[in-house]
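Below are the chains, spelled out letter by letter.
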Amino acid sequence: MVLAGLLQAHPLDDSAELNARVRVVDDTTFELVLEFRYKGVIASYTEFRNGLDRNLDGRVTQPEMKQRFVELADEIALGLNLALDGQPLPLEPDFKRFALQHADDPDGKPATELETATARIFYRFVYTAQAETAPGDHVLEFAFSSPQTVVTSPRDQLFAVGSDGAPLPVTYDFAHQVFPRMRASFTVKAAAVARPQPVQPPAPPPDEPGPEGLGEIPGGLTLGAGAGLALLGFFMLGRRLLRKQGSFGPASLLILAGTAVVLGALVRLGWLKLM
């Protein structure tokens, strides 16, 4: 335990090795993880007798673990100080992430039961804090607020990481020349401003449907019609020459029109190519 006044209640002082990690989860969420590894079975047994094994039957069960977590979570939090830009951040215990394991297997699954005669305790306590941050540079400060001996080398025991897990720039000193303290710097980026999209002119209204036509005339029918006009023109021209009836004008127009229609039909049908 980090509080001098509470060291008599449980041996979370020099009986356990501590690692503390502060993490910037995002722009508004911060996390503190404390991990205690007990140095031996004897130190662990002292903690078992201090409340972890409540009925002293030699076995630590899930209900006993949960009750001890509740006791230790508040006591440990009283001896910690987490601040953002000089303003203290209230710590909330995240009990779902608390863990008690055998210290020889701290990366395994949390224990469901421990035998006090052989177990060496590994504790993990997780706290979270919420705070609004503006874009720019910030300083996250972590320190112990009471005399203790659990931190002997701050550089090797106190860490700070960003949301990606990469280490943050840190400095170490002692608050009030007594309490180990770490300061971590991080930057909140300004939110990206969406570029205004160009205003598209309104689409022109659709054309009003006209009267329904007869559709496209087939090429063969067009060819026949053109040939008919031309023959009629030749017939009228012949009658003018032989019988002296009618005039050359209408006949010539029919011949020209019929010839033009025939040529157009031949081009559409692919039988004639224009140069």
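Residues numbered from 1 in each chain as written. Predicted model: local features only at pLDDT ≥ 70, side-chain atom pairs only at ≥ 80, totals over all residues. Heavy atoms only, no water.

### Overview of the overall build of the protein
The criterion, for reference: Under the DSSP-based scheme used, a helix requires at least four consecutive residues in state H or I and a strand at least two consecutive residues in state E, with every element numbered from the N terminus. Here, Shrake-Rupley sampling with a 1.4 Å probe gives the accessible areas, and only protein chains in the shown set may cover a residue.
Along the backbone of the protein there are 5 helices and 13 strands. Element-wise, carbon and sulfur atoms account for 59% of the exposed surface of the protein, whose accessible area totals about 16,800 Å².

### What to know about the environment of Asp57
Heads up, the condition is: Relative accessibility decides the category of a residue: with a 1.4 Å probe and only protein chains considered, values under 20% of the type maximum give buried, values over 50% give exposed, and everything between is partly exposed.
Note on placement: Asp57 falls in the loop between α1 (41-52) and β3 (59-60). Judged by relative accessible area, Asp57 falls into the partly exposed class, the value being 36%. Remark: the alpha-carbon pair of Asp57 and Thr116, spanning 59 residues in sequence, is separated by 8.8 Å.

### Some remarks on the sheet that holds strand β13 (residues 179-188)
We count it as follows: Strand pairing is defined by DSSP finding a minimum of two bridges between the two strands.
The 5 strands lie next to each other as β5-β4-β10-β13-β12, forming an open sheet whose pairing is antiparallel. Each having just a single partner strand, β5 (87-88) and β12 (170-175) make up the two edges of the open sheet. Bridge analysis of strand β10 (residues 136-144) against β13 gives 8 bridges, and the strand direction is antiparallel. Within β13, the residue paired with Gly136 across the bridge is Val188.

### A few points about the packing of α1 against helix α2 (residues 62-78)
Helix-helix packing: each pair is described by the crossing angle between the helix axes and the interaxial distance. Filter applied, for reference: Geometry is summarised by axes, namely lines fitted to C-alpha atoms with helices restricted to the contacting stretch, and by angles between N-to-C directions that run from 0 to 180 degrees. By the definition adopted for this analysis, an angle is roughly parallel if under 35 degrees, roughly antiparallel if over 145, roughly perpendicular if from 65 to 115, and oblique otherwise. Contacts are assigned to residue pairs that have any heavy atoms within 4.5 Å of one another. Ten residue types, Ala, Val, Leu, Ile, Met, Phe, Trp, Tyr, Cys and Pro, are classed as nonpolar, four, Asp, Glu, Lys and Arg, as charged, and the remainder, Gly among them, as polar.
Close contact between α1 and α2 brings their axes to 11 Å; oriented N to C, the two are set at 90 degrees. In terms of their interaxial angle, α1 and α2 are classed as roughly perpendicular. Contacts between α1 and α2 involve Glu47, Asn50, Gly51 and Leu52 from the first element and Glu64, Met65, Arg68 and Leu72 from the second. Considering only residue class, the contact of α1 with α2 consists of 3 nonpolar, 2 polar and 3 charged.

### Digging into the side chain of Gln157
Threshold: Under this definition, polar contacts are N or O atom pairs within 3.5 Å; protein pairs additionally need one hydrogen-donor-capable and one acceptor-capable atom, and for neighbouring residues in sequence, both atoms have to be side-chain atoms.
Inspection of the secondary structure puts Gln157 in helix α3 (residues 154-157). Residue classification places Gln157 among the buried residues on the basis of a relative accessible area of 8%. A polar side-chain atom of Gln157 sits 2.9 Å from the main-chain amide nitrogen of Ser153. Those residues in contact with Gln157, other than ones at most four positions away along the chain, are Leu18, Asn19, Ala20, Val150, Val151 and Thr152.

### Examining the pairing of strand β1 (residues 16-24)
Along β1, the buried face is formed by Ala16, Leu18, Ala20, Val22 and Val24; none of Glu17, Asn19, Arg21 and Arg23, which line the opposite face, is buried. Count of turn residues in the β1/strand β2 (residues 29-38) antiparallel hairpin: 4 residues. Here 4 bridges tie β1 to strand β11 (residues 158-161), and the two strands are oriented parallel to one another. Note on β11: the bridge partner recorded for Arg21 is Phe159.

### A short note on the side chain of Thr29
Examined against the element boundaries, Thr29 turns out to sit in strand β2. Side-chain polar atoms of Thr29 contact the side chain of Gln130, separated by 3.1 Å.

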